[in-house]
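Working through the structure, step by step
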Amino acid sequence: QVHLVESGGGLVQPGGSLRLSCVASGFPFSYYSMSWYRQTPGKERELVAGISTTGSTTHYADSVKGRFTISRSNAEFTVFLQMNSLKAEDTAMYYCRADSEDTYTYWGRGTQVTVSS
């Protein structure tokens, strides 16, 4: 009944941009901090960006700082990841994650981002 559905992935050329969306349902979205992770085959998932419940605080992995922006709309139960100046090393499956203060954690199924010429 809890769902996190990512969208917006696809194939893009180096230097291009994509905007990922994650729509949540089945839980009180505004009480959960949200984050984006990514994973490539053979590697562990890594944190890309995170945002607090109200959007007042954000944090980013060093590898994406200055290029990616996380935001959220609690009214629309959605978290976004704006990805600019994309590089080949950004190629990965991107996952949406929700966390409560009680350590309830939910994961989306992911959306594929491929950066290639």
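The notes below deal with the structure included here. Since the model is a prediction, treat every value here as computed from it, not as a measurement.

This part is about the nonpolar core. Judged by nonpolar contacts, the single largest core of 28 residues is most densely connected at M34, W36, L81 and Y94. Put simply, the parts of the chain that give this core at least two residues each are β3 (18-25), β4 (33-39), β5 (46-51), β7 (68-73), β8 (78-83), β9 (92-99) and β11 (111-115). Discounting residues that sit within four places of it in the chain, Y94 has contacts with E6, L20, W36, Y37, R38, V48, F68, L81, M83, G110, T111 and V113.

Bringing the environment of T114 into the picture now. Of note, T114 is situated in strand β11. Note on T114: relative accessible area 26%, which makes it partly exposed. As a C-alpha pair, T114 and Y94 span 20 residues in sequence and 10 Å in three-dimensional space. When sequence neighbours within four positions are dropped, the list of residues in contact with T114 reads G10, L11, V12 and T91.

This part takes up the environment of F80. Position of F80 relative to the elements: it lies in strand β8. On the basis of relative accessible area, F80 is assigned to the buried category, the value being 12%. Considered as a pair, F80 and C22 are 58 residues apart in the sequence and their alpha carbons are 6.4 Å apart. Each residue touching F80, except ones within four places of it in the same chain, is listed here: R19, L20, S21, W36, T69, I70, S71, R72 and S73.

Mapped onto the fold, D99 is located in strand β9. According to the relative accessible area criterion, D99 is buried, its value standing at 16%. Here R97 takes part through its side chain, which lies 2.8 Å from a polar atom of the side chain of D99. Within the structure, the side chain of D99 is placed 2.9 Å from the side chain of T105, a separation counted as a polar contact. Dropping the residues within four chain positions of it, D99 is found in contact with Y31, Y32, S33, S35, Y104 and T105.

Taken as a whole and judged by the stated rule, the model has 6 aromatic pairs. Both rings, one in F27 and one in F29, keep their centres 6.5 Å apart while their planes meet at 50°; by these two values the pair is tilted. Arranged with centres 4.7 Å apart and planes meeting at 65°, the rings of F27 and Y32 form a pair that is edge-to-face. Cluster of aromatic residues (ring-pair linked, three or more members): F27, F29, Y32 and Y106. Over the ring of F80 we find R19, and its NZ or CZ is 4.0 Å from the ring centre.

Turning next to unusual backbone geometry. Phi angles above zero are rare outside glycine, and F77 is one such case at about 55°. Residue class for F77 comes out partly exposed when judged on its relative accessible area of 43%. For S85, which is not glycine, the phi torsion reads 50° and is therefore positive. Here S85 is to be found in the loop between β8 and β9.

Parameters and conventions
Residues numbered from 1 in each chain as written. Predicted model: local features only at pLDDT ≥ 70, side-chain atom pairs only at ≥ 80, totals over all residues. Heavy atoms only, no water. Core = buried A, V, L, I, M, F, W, Y, C linked by side-chain atoms within 4.5 Å. Buried < 20%, exposed > 50% of the residue type's maximum accessible area, 1.4 Å probe, protein only. Helix = DSSP H or I, 4+ residues; strand = E, 2+ residues; numbered from the N terminus. Contact = heavy atoms within 4.5 Å. Polar contact = N/O pair within 3.5 Å; in protein donor to acceptor, adjacent residues only side chain to side chain. Phe/Tyr/Trp six-rings, centres within 6.5 Å; stacked < 30°, edge-to-face > 60°. Lys NZ or Arg CZ within 6 Å of the ring centre and 35° of its normal.

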